[in-house]
Amino acid sequence: MSAMLHGCFADTEYFEITAKSGHSYGVWVTTPPGYADSTDPLPLIYVMDGNWAVGLTAPLIVTQADPYLTVAPYIQVSVGYAGEEAANWARLRNRDLVPPGEPVGEEMMATLAAARDSGAMTQEYVDAYLEELADTHGDVFLDFLTNELHPRLYSSELRVSESGHGLFGYSYGGLFALYAWLRDAPPFATFGAGSPGVVNADSQIHTLVEALPERGVGSVVPQLHVTLNEAELTGPIPIYRGLSRNVLAVVEQLHGKGRSQDVSTALLHETHVTGLQASFLSYLKTCHAR
């Protein structure tokens, strides 16, 4: 199995870590082309939902060698779940990626009920899914990334730079990236929020945006890159249309707070499922160019 893992993901190492919270995580570390022949320290880009995202995003590390692009070298750190928990990543992410106190709205309840009625989910799974959403701890997971995992990697044999690190997430991972940006979480200099899961119009994200301090003249503010997909905006699925409206409302709110220069956006020709890889590439090209 180890040989298969390394055969599928070249230059990728895997380890497991137990956080102070008691939760265990699987971590994939992917180094770029030419890493072994260089002595330069590189920034880390953390990617959420590693169990799903690593297969779609880690191969894009070769874009650093693409002569048509200007993606700067980086080391990718994909964070997911280990052991038996890996099979339940789709609901455990609710606990870790959703900010504390985020409301569960009617559209989410209707979506889960429809999935149950169609046979896509069992009632037992719906109950477990809602149980995680009822007690979310994005703040605890953010603390794990910044105060436990990052210091471990910085002090490891990896050549890690002191600055320029990034955080990327998609869907609820995008909500987490947006939350981390609003928290001004170190050591991240850039944040990629792909189709961020601002499912509710009364999301606390709006409250956090309103609480943003006035931008100081000449101050250095981390860059936020937000993407949405056409199929989410205009497609037949209500929860995605609502998500899009809410994200656009957040972007408008940020413009009103004078943060236009800190935020970039892109509309992709994808669906919510296919948009992950395109969103990550958009983030790389926008936020990590040479």
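Placed above this text is the structure.
Because the structure is predicted, anything quoted here is derived from the model rather than measured.

Cut-off values and rules
Residues numbered from 1 in each chain as written. Predicted model: local features only at pLDDT ≥ 70, side-chain atom pairs only at ≥ 80, totals over all residues. Heavy atoms only, no water. Pairing = 2+ DSSP bridges. Helix = DSSP H or I, 4+ residues; strand = E, 2+ residues; numbered from the N terminus. Axes fitted to C-alpha atoms, helices over the stretch in contact; angles between N-to-C directions. Contact = heavy atoms within 4.5 Å. Parallel < 35°, antiparallel > 145°, perpendicular 65-115°, else oblique. Left-handed = near helix turned anticlockwise from the far one by under 90°. Nonpolar A, V, L, I, M, F, W, Y, C, P; charged D, E, K, R; others polar. Buried < 20%, exposed > 50% of the residue type's maximum accessible area, 1.4 Å probe, protein only. Arc of directions from axis to C-beta. Polar contact = N/O pair within 3.5 Å; in protein donor to acceptor, adjacent residues only side chain to side chain. Core = buried A, V, L, I, M, F, W, Y, C linked by side-chain atoms within 4.5 Å. Phe/Tyr/Trp six-rings, centres within 6.5 Å; stacked < 30°, edge-to-face > 60°. Lys NZ or Arg CZ within 6 Å of the ring centre and 35° of its normal. Patch = residues over 30% accessible without salt bridge, like charges linked within 9 Å, V, L, I, M, F, W, Y side chains within 5 Å. Areas by Shrake-Rupley, 256 points an atom, 1.4 Å probe, with all protein chains shown as cover. Salt bridge = Lys/Arg side-chain N within 4 Å of Asp/Glu carboxyl O.

Engineer: Sorry, what's going on with the sheet that holds strand β5 (residues 165-170) here?
Structural biologist: The strands that make up a sheet are held in pairs by hydrogen bonds between backbone atoms, and each pair lies either parallel or antiparallel. Taken in spatial order, the 8 strands line up as β1-β2-β4-β3-β5-β6-β7-β8 in an open sheet, and their pairing is mixed. Each edge of the sheet is formed by a strand with only one pairing partner; in this case those strands are β1 (12-18) and β8 (263-268). Between one strand and the next, the sheet's axes are offset by a mean angle of 20°, whatever the strand orientation. Both strand β3 (residues 44-47) and β5 contribute to a ladder of 3 bridges, which runs parallel. Residue pairing in the sheet places Tyr 46 in a bridge with Leu 167 of β5. Helix-sheet contacts for helix α7 (residues 172-182) involve β5, β6 (188-194), β7 (223-229) and β8, and the interaxial angle to β5 is about 140°.

Engineer: I would appreciate a short explanation of the packing of helix α4 (residues 106-118) against helix α10 (residues 238-256) in the present structure.
Structural biologist: Helix-helix packing is described using two parameters, namely the angle between the two axes and the distance between the axes. For the pair α4 and α10, interaxial distance at closest approach is 9 Å and the crossing angle is 155°. In terms of orientation, α4 and α10 fall into the roughly antiparallel class. Along this stretch, α4 crosses α10, giving a crossing that reads as left-handed. Residue-level contacts link Glu 107, Met 108 and Thr 111 of α4 to Pro 238, Ile 239, Gly 242 and Arg 245 of α10. Taken together, the residues of the contact of α4 with α10 break down into 3 nonpolar, 2 polar and 2 charged.

Engineer: Sorry if this is basic, but what is going on with helix α2 (residues 50-57) here?
Structural biologist: Residues lying three or four places apart along an α-helix face the same way, a consequence of the helix completing one turn every 3.6 residues. Those residues of α2 lying buried are Gly 50, Ala 53, Val 54 and Thr 57. For α2, the arc enclosing every buried residue in end-on projection is 110°, short of the 170-degree limit, so these residues lie on one face. Against β2 (24-30), β3, β4 (75-80) and α11 (275-287) lie the buried residues of α2.

Engineer: Just checking my understanding: could you explain the environment of Ser 118 for this structure?
Structural biologist: Note on placement: Ser 118 falls in helix α4. Relative accessible area serves as the criterion here: at 56%, Ser 118 is assigned to the exposed category. Within the local environment of Ser 118, its side chain forms a polar contact with the backbone oxygen of Ala 115, the two atoms lying 3.0 Å apart.

Engineer: Sorry if this is basic, but what is going on with the nonpolar core here?
Structural biologist: Burial of nonpolar side chains together is a common tendency in soluble globular proteins. Ranked by internal contacts, the top residues of the largest apolar core, which has 59 residues, are Tyr 46 and Leu 149. Element by element, the count of residues in this core is highest for α7, at 9 residues. Excluding residues that lie within four positions of it along the chain, Tyr 46 makes contacts with Val 77, Val 79, Leu 149, His 150, Leu 153, Gly 166, Leu 167, Phe 168 and Phe 188. Judged by nonpolar contacts, the second largest core, of 15 residues, contains Ile 61, Leu 69, Tyr 74 and Leu 276.

Engineer: Would you mind going over the packing of aromatic side chains with me for this structure?
Structural biologist: Given two aromatic rings, one states the distance between the centres and the angle between the planes to describe the pair. This structure, assessed with the given rule, holds 14 aromatic pairs. Among the aromatic side chains, those forming a connected cluster through ring pairs are Tyr 25, Tyr 81, Phe 141, Phe 144 and Phe 176. One residue, Arg 159, lies across the ring of Tyr 35, its end atom 4.0 Å from the ring centre.

Engineer: Hey, could you run me through the side chain of Thr 30 in this one?
Structural biologist: Topologically, Thr 30 is positioned in strand β2. Separated by 2.8 Å, the side chains of Thr 30 and Thr 12 make a polar contact. The contact partners of Thr 30, leaving out residues within four places of it in the chain, are Ala 10, Asp 11, Thr 12, Ala 58, Ile 61, Ile 75 and Gln 76.

Engineer: Would you explain a nonpolar patch on the surface in this entry?
Structural biologist: Residues Leu 233, Leu 248 and Leu 267 make up a contiguous nonpolar surface patch of about 250 Å² in total accessible area. You can see Leu 267 is positioned in strand β8. By relative accessible area, Leu 267 is classed as partly exposed at 46%.

Engineer: Is there a simple way to think about the pattern of salt bridges in this case?
Structural biologist: Two side chains carrying opposite charge are able to pair once their charged atoms lie near each other. Following the criterion strictly, the structure yields 7 salt bridges and no others. Residues Arg 215 and Asp 262 are paired through a salt bridge, measuring 2.8 Å at the closest nitrogen-oxygen approach. Pair noted here: Arg 215 is in the loop between α8 (204-210) and β7 and Asp 262 is in the loop between α10 and β8, with a separation of 47 residues, a long-range link. Owing to a relative accessible area of 3%, Asp 262 belongs among the buried residues under this scheme. Close ionic contact of Arg 259 with Asp 262 constitutes a salt bridge, the shortest N to O distance being 3.9 Å. Owing to a relative accessible area of 7%, Arg 259 belongs among the buried residues under this scheme. When salt bridges with common partners are traced through the structure, they connect Arg 215, Arg 259 and Asp 262 into a single cluster.

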